[in-house]
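# Fold and contact review
Spelled out from the first residue to the last, the chains are:
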Amino acid sequence: PRGLYRGFGISIMTYAPSNAVWWASYSVAQRLVWGGIGSYMCNENENGGVVAFTPDSRTVMAVQGVSAAMAGGVSALVTMPLDTIKTRLQVLDSSDDNNGRKVPTIGQTVRNLVREGGWMAFYRGLGPRWASMSMSATTMITTYELLKRLSTKNQENLIR
């Protein structure tokens, strides 16, 4: 049973910052994407004013999906060292204890990684993690936003 919880603490220390970075990045990415679309889609009228556009639901979902993927990539990049340490601690073979050595601490794991491959050792597997987090985030946010839109009531029907 103890082995089932190996790395639980470091998992919490990895996923909390990862989610915080993701949500902050998602907000920034949405502003960037909407800003780019807005400058492309808006037109000037003859008086020099800007005629805004109202996006359809497909455009909204596309922006949310692209923003989620961007945020997933940023979160993967920022929190990859924590994830590498977490993974290393979780996959340790507990039979290492039989030679009188104790399972390494977080600090020892960091030193071992630096010794093995320098600071870039913390970014081994970044590509797959980047892809995984981006696809997962895109699926999660587009599904959430679609279900949210489908479950809201039409305001006009509430008045009647």
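Please read all numbers here as calculations on a predicted model, not as lab measurements. (Residues numbered from 1 in each chain as written. Predicted model: local features only at pLDDT ≥ 70, side-chain atom pairs only at ≥ 80, totals over all residues. Heavy atoms only, no water.)

## Observations regarding helix H4 (residues 126-151)
Stated precisely, the cut-off is as follows: Each helix is a run of H or I in the DSSP string that is no shorter than four residues. Each strand is a run of E no shorter than two, and both are numbered from the N terminus. A helix is expected to reach a length of 1.5 Å times the quantity of its residues less one. Burial classes: relative accessible area under 20% of the type maximum marks a residue as buried, over 50% as exposed, and values in between as partly exposed (1.4 Å probe, protein chains only).
The end-to-end C-alpha separation of H4 is 37 Å, in line with the 38 Å expected for 26 residues at 1.5 Å each. Among the residues making up H4, those that are buried are Leu-126, Arg-129, Met-133, Ser-134, Ala-137, Ile-141, Thr-142 and Glu-145.

## What about the nonpolar core?
How we decide: Here, the term nonpolar core denotes a set of buried Ala, Val, Leu, Ile, Met, Phe, Trp, Tyr and Cys residues that are joined through side-chain atoms within 4.5 Å. Residues are treated as being in contact if the distance between any of their heavy atoms lies within 4.5 Å.
Among the nonpolar cores identified, the biggest contains seven residues, and these are Ile-10, Ile-85, Leu-89, Leu-92, Leu-113, Ala-121 and Phe-122. Apart from the residues lying within four places of it in its own chain, the contact partners of Phe-122 are Met-80, Pro-81, Thr-84, Ile-85, Val-110, Leu-113 and Val-114. Core analysis: the next-biggest nonpolar cluster, separate from the first, contains six residues, Trp-22, Ala-68, Ala-137 and Ile-141 among them.

## A few points about the packing of helix H2 (residues 57-90) against H4
Basically, it comes down to this: Under this scheme, a helix contributes an axis fitted over its contacting stretch, all axes are lines through C-alpha atoms, and angles between N-to-C directions fall in the 0 to 180 degree range. What makes a crossing left-handed is the near helix being turned counterclockwise from the far one by less than a right angle; a clockwise turn instead makes it right-handed. Residues were grouped as follows: Ala, Val, Leu, Ile, Met, Phe, Trp, Tyr, Cys and Pro as nonpolar; Asp, Glu, Lys and Arg as charged; and all remaining residues, including Gly, as polar.
It is the contact of H2 with H4, at a shortest axis distance of 7 Å, that shows an interaxial angle of 145°. Where H2 crosses over H4, the handedness of that crossing is right-handed. Residue composition of the contact of H2 with H4, grouped by class: 14 nonpolar, 10 polar and four charged.

## What to know about a nonpolar patch on the surface
This is how it is decided: Each patch is assembled from residues with relative accessible area greater than 30% and no salt bridge, linking like charges that lie within 9 Å and nonpolar side chains (Val, Leu, Ile, Met, Phe, Trp, Tyr) that lie within 5 Å. Shrake-Rupley sampling with a 1.4 Å probe provides the accessible areas, and residues are treated as covered by the protein chains on show and by no other component. The term salt bridge refers to a pairing of a side-chain nitrogen on Lys or Arg with a carboxyl oxygen on Asp or Glu at a separation within 4 Å.
A contiguous nonpolar patch, built from Leu-4, Tyr-5, Phe-8 and Ile-12 and spanning about 520 Å² of accessible area, is present on the exposed surface. Structurally, Leu-4 is set in the segment before helix H1 (8-41). Accessibility expressed as a relative area gives 74% for Leu-4, which makes it exposed.

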